[in-house]
Amino acid sequence: MKQVTQRICPQCGYANGATANFCLQCGAALTAANDFQVVPHGTDLSFPVTGLDLTTAERAQLRHLIITMSPTIPTGYQSAGPIFVESAVAPQASQLAAWENLITHLYALLLTRHYLGAVHLQIQPQSADSSQLCLYGEALTAAPHS
Ligand SMILES: [Zn+2]
C-alpha cells in the first residue's frame, strides 16, 4: 500500500513534509522523531472518496485527518479506542473498488464520530475473498491539555 512520510507537528497536529524542520502552520521545531508513515488521503486523487456527500467543512476536516499504519500515537493525540470497518462490494469486484469502498467507510466513521484520525491500521482480506477487505485500528482524539 502506498504511504508517505510526513512530520506531524506535536504542537498543532499539522502534517508537514518529511524534510520540514519547522511547522508550516505554527513554527514549532520538528525532528525525525515527528515522522509518521501516513496513508495519503483527502486531497490525493489516487484515493477518491466515493459515495460520501460531504459539506465544504467536512472536506476540509478530511484533509486534516491523520491516517497511519504506525502504532505510535502522535504527540497531542490519544487513543479513543478500536475501530473496525468493512468494504461492502460485490464478490469479484476489483481490489481497487474494495479499497475505495473501505476508505470511504473509514472516512464516514471518522467524520461522524468526530475522530481526528486513525493509527495502527491493519487491512486484511475478509475470508478467502480478496475483493472484500476489512480494516481495524485505533481512533484518535485530542489529548487533554496538561
Ligand atoms: Zn504546528
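Since this is a predicted model, take the numbers as computed values, not measurements.

1. A closer look at the confidence of the model for the chain
Line of reasoning, step 1. Confidence in the prediction of the chain, expressed as mean pLDDT, is 82, and 87% of residues score 70 or more.
Line of reasoning, step 2. When mean pLDDT is compared element by element in the chain, strand 5 (residues 77–86) scores highest at 94, while strand 3 (residues 35–38) scores lowest at 78.

2. Topic: the pairing of strand 3
Line of reasoning, step 1. Residues Phe36 and Val38 line the buried face of strand 3, whereas the alternating positions Asp35 and Gln37 sit on a face that is not buried.
Line of reasoning, step 2. Pairing between strand 1 (residues 4–8) and strand 3: four bridges, direction antiparallel. From the neighbouring strand, Arg7 faces strand 3, where its bridge partner is Asp35.

3. With respect to unusual backbone geometry
Line of reasoning, step 1. One non-glycine residue, His114, adopts positive backbone phi at about 60 degrees.
Line of reasoning, step 2. Following the sequence through the fold, His114 ends up in the loop between helix 2 (95–112) and strand 6 (117–126).
Line of reasoning, step 3. You will see that His120, though not glycine, has its phi angle at about 60 degrees, which is positive.
Line of reasoning, step 4. When you line up the elements, His120 lands in strand 6.
Line of reasoning, step 5. Since its relative accessible area comes to 31%, His120 is described here as partly exposed.

Parameters at a glance
Within any chain, residue numbers begin from 1 and follow the written order of that chain's sequence. In keeping with the predicted nature of the model, local features appear solely for residues at pLDDT of at least 70, side-chain atom pairs appear and are counted solely at 80 or more, and the whole-chain, interface and lining totals rest on all residues. Side-chain descriptors were evaluated using all non-hydrogen atoms of the structure, hydrogens and water having been removed beforehand. A residue's pLDDT is the predictor's confidence in that residue, given on a scale from 0 to 100. A run of H or I in DSSP becomes a helix once it reaches four residues, and a run of E becomes a strand once it reaches two; helices and strands are each numbered from the N terminus. Think of it in three bands: residues with accessible area under 20% of the maximum for their type are buried, residues over 50% are exposed, and the middle band is partly exposed, with areas taken using a 1.4 Å probe on protein chains only. Paired strands are those between which DSSP finds at least two bridges.

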